Amino acid sequence: QVQPVESGGGLVQPGGSLRLSCAASRSIFSIAAMGWYRQAPGKQREFVARITSGGSTNYADSVKGRFTISRDNAKNTVYLQMNSLKPEDTAVYYCKADIPGAYYWGRGTQVTVSS
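Computed from a predicted structure; not experimentally measured. (Residues numbered from 1 in each chain as written. Predicted model: local features only at pLDDT ≥ 70, side-chain atom pairs only at ≥ 80, totals over all residues. Heavy atoms only, no water.)

## Describing the pairing of strand E8 (residues 77–82)
The following threshold applies: Working definition: with a 1.4 Å probe on protein chains only, accessible area under 20% of the residue-type maximum means buried, over 50% means exposed, and in between means partly exposed. Helix and strand definitions follow DSSP, with helices as H or I runs of at least four residues and strands as E runs of at least two, each counted in order from the N terminus. DSSP-based pairing: two strands are paired if at least 2 bridges between them are found.
The buried fraction of E8 is high, at 5 of 6 residues. Across 6 bridges, strand E3 (residues 18–23) lies against E8 in antiparallel orientation. When the sheet's bridge partners are listed, Cys-22 is paired in E8 with Val-78. Here 6 bridges tie strand E7 (residues 67–72) to E8, and the two strands are oriented antiparallel to one another. For Thr-68, the partnering residue across the bridge sits in E8 and is Gln-81. Two successive antiparallel strands, E7 and E8, enclose a turn made up of 4 residues, where Asn-76 displays a positive phi of approximately 55°.

In C-alpha coordinates form, the structure reads like this:
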(Lines give C-alpha, C1' and ligand atoms only; values in the text may rest on other atoms or scores of the structure.)
Protein backbone atom coordinates (compact mmCIF):
# COMPACT_ATOMS: atom_id res chain seq x y z
CA GLN A 1 0.00 0.00 0.00
CA VAL A 2 1.43 3.33 -1.09
CA GLN A 3 -0.89 5.59 0.88
CA PRO A 4 0.82 7.00 3.97
CA VAL A 5 -0.74 6.17 7.34
CA GLU A 6 -0.76 8.76 10.13
CA SER A 7 -1.00 8.11 13.86
CA GLY A 8 -0.46 9.86 17.16
CA GLY A 9 -3.22 12.44 17.21
CA GLY A 10 -5.36 13.11 20.23
CA LEU A 11 -6.54 15.62 22.79
CA VAL A 12 -3.93 17.72 24.58
CA GLN A 13 -4.04 20.78 26.81
CA PRO A 14 -2.61 24.12 25.68
CA GLY A 15 1.14 24.13 26.21
CA GLY A 16 1.33 20.38 25.85
CA SER A 17 3.10 18.17 23.32
CA LEU A 18 2.24 15.46 20.84
CA ARG A 19 4.25 13.45 18.36
CA LEU A 20 2.65 12.44 15.09
CA SER A 21 3.96 9.58 12.99
CA CYS A 22 3.47 8.79 9.34
CA ALA A 23 4.46 5.45 7.86
CA ALA A 24 4.87 5.20 4.10
CA SER A 25 5.57 2.42 1.66
CA ARG A 26 9.17 1.30 1.49
CA SER A 27 8.94 1.51 -2.29
CA ILE A 28 8.63 5.30 -2.21
CA PHE A 29 9.91 6.48 1.15
CA SER A 30 13.60 6.66 0.34
CA ILE A 31 13.03 9.02 -2.58
CA ALA A 32 10.06 10.93 -1.19
CA ALA A 33 9.90 14.38 0.25
CA MET A 34 7.53 14.00 3.19
CA GLY A 35 5.26 16.76 4.37
CA TRP A 36 2.73 17.54 7.05
CA TYR A 37 -0.34 19.65 6.33
CA ARG A 38 -3.36 20.50 8.43
CA GLN A 39 -6.95 21.51 7.95
CA ALA A 40 -9.02 23.19 10.60
CA PRO A 41 -12.84 23.22 10.44
CA GLY A 42 -14.05 25.68 7.83
CA LYS A 43 -10.54 26.41 6.59
CA GLN A 44 -8.40 25.31 3.68
CA ARG A 45 -5.66 22.76 4.09
CA GLU A 46 -2.36 24.47 4.89
CA PHE A 47 1.30 23.57 4.86
CA VAL A 48 2.95 22.80 8.20
CA ALA A 49 6.38 21.26 7.58
CA ARG A 50 8.37 19.32 5.01
CA ILE A 51 11.52 17.23 4.90
CA THR A 52 13.30 16.15 1.74
CA SER A 53 14.86 12.76 1.11
CA GLY A 54 18.18 14.39 1.94
CA GLY A 55 16.95 15.75 5.26
CA SER A 56 16.44 19.42 4.44
CA THR A 57 13.50 20.92 6.31
CA ASN A 58 11.20 23.89 6.11
CA TYR A 59 8.30 25.08 8.25
CA ALA A 60 5.31 27.34 8.19
CA ASP A 61 5.96 30.54 10.13
CA SER A 62 3.13 29.69 12.52
CA VAL A 63 4.94 26.58 13.81
CA LYS A 64 8.61 27.57 13.62
CA GLY A 65 10.36 27.00 16.93
CA ARG A 66 7.55 24.78 18.21
CA PHE A 67 7.31 21.90 15.72
CA THR A 68 10.09 19.65 14.47
CA ILE A 69 9.88 17.31 11.50
CA SER A 70 12.22 14.34 11.23
CA ARG A 71 12.46 11.07 9.35
CA ASP A 72 13.71 7.57 10.08
CA ASN A 73 14.57 5.98 6.77
CA ALA A 74 15.10 2.57 8.36
CA LYS A 75 11.48 2.60 9.55
CA ASN A 76 10.01 4.39 6.51
CA THR A 77 8.49 6.85 8.95
CA VAL A 78 8.34 10.61 9.30
CA TYR A 79 7.56 12.33 12.59
CA LEU A 80 6.18 15.67 13.65
CA GLN A 81 7.09 16.64 17.18
CA MET A 82 4.69 19.36 18.32
CA ASN A 83 5.50 21.34 21.45
CA SER A 84 3.89 24.36 23.09
CA LEU A 85 0.62 23.52 21.41
CA LYS A 86 -2.03 26.21 21.08
CA PRO A 87 -5.79 25.95 20.53
CA GLU A 88 -5.24 27.28 17.01
CA ASP A 89 -3.20 24.17 16.23
CA THR A 90 -6.41 22.16 16.39
CA ALA A 91 -6.92 20.48 13.03
CA VAL A 92 -6.78 17.26 11.11
CA TYR A 93 -3.14 16.65 10.27
CA TYR A 94 -2.32 14.99 6.98
CA CYS A 95 0.87 13.40 5.74
CA LYS A 96 1.90 13.74 2.11
CA ALA A 97 4.54 11.81 0.20
CA ASP A 98 5.97 13.55 -2.86
CA ILE A 99 7.90 11.58 -5.45
CA PRO A 100 8.78 12.56 -9.04
CA GLY A 101 5.54 12.50 -10.99
CA ALA A 102 3.20 11.58 -8.14
CA TYR A 103 2.07 12.34 -4.62
CA TYR A 104 0.10 10.45 -2.00
CA TRP A 105 -1.99 11.73 0.88
CA GLY A 106 -2.75 9.96 4.09
CA ARG A 107 -6.23 9.99 5.63
CA GLY A 108 -5.30 12.27 8.48
CA THR A 109 -5.21 12.23 12.26
CA GLN A 110 -7.14 14.59 14.52
CA VAL A 111 -5.28 16.90 16.90
CA THR A 112 -7.35 18.83 19.40
CA VAL A 113 -5.78 21.39 21.74
CA SER A 114 -8.20 22.33 24.47
CA SER A 115 -8.44 22.70 28.21
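## Overview of the nonpolar core
Spelled out, the test is: The set of buried Ala, Val, Leu, Ile, Met, Phe, Trp, Tyr and Cys residues whose side-chain atoms join them within 4.5 Å is what this entry labels a nonpolar core.
Grouped together as the largest cluster of nonpolar side chains are 29 residues, with contacts concentrated most on Met-34, Trp-36, Leu-80, Met-82 and Tyr-93. Here the element with the most residues in this core is strand E9 (residues 91–99); it accounts for 5 residues.

## Looking at the packing of aromatic side chains
What describes a pair of aromatic rings is the distance from one ring centre to the other and the angle between the planes of the rings. Here is the rule we go by: By convention, a stacked pair of Phe, Tyr or Trp rings (six-membered ring in the case of Trp) has centres within 6.5 Å and planes under 30 degrees apart, an edge-to-face pair has planes over 60 apart, and any other such pair is tilted.
Summed over the entire model, instances satisfying the criterion amount to 3 aromatic pairs. Both rings, one in Tyr-94 and one in Trp-105, keep their centres 6.5 Å apart while their planes meet at 90°; by these two values the pair is edge-to-face. In this pair, Tyr-94 is assigned in strand E9 and Trp-105 in strand E10 (residues 102–105), connecting sequence segments 11 residues apart. Judged by relative accessible area, Tyr-94 falls into the buried class, the value being 13%. Connected via pairs of aromatic rings, a cluster forms that spans Tyr-37, Phe-47, Tyr-94 and Trp-105.

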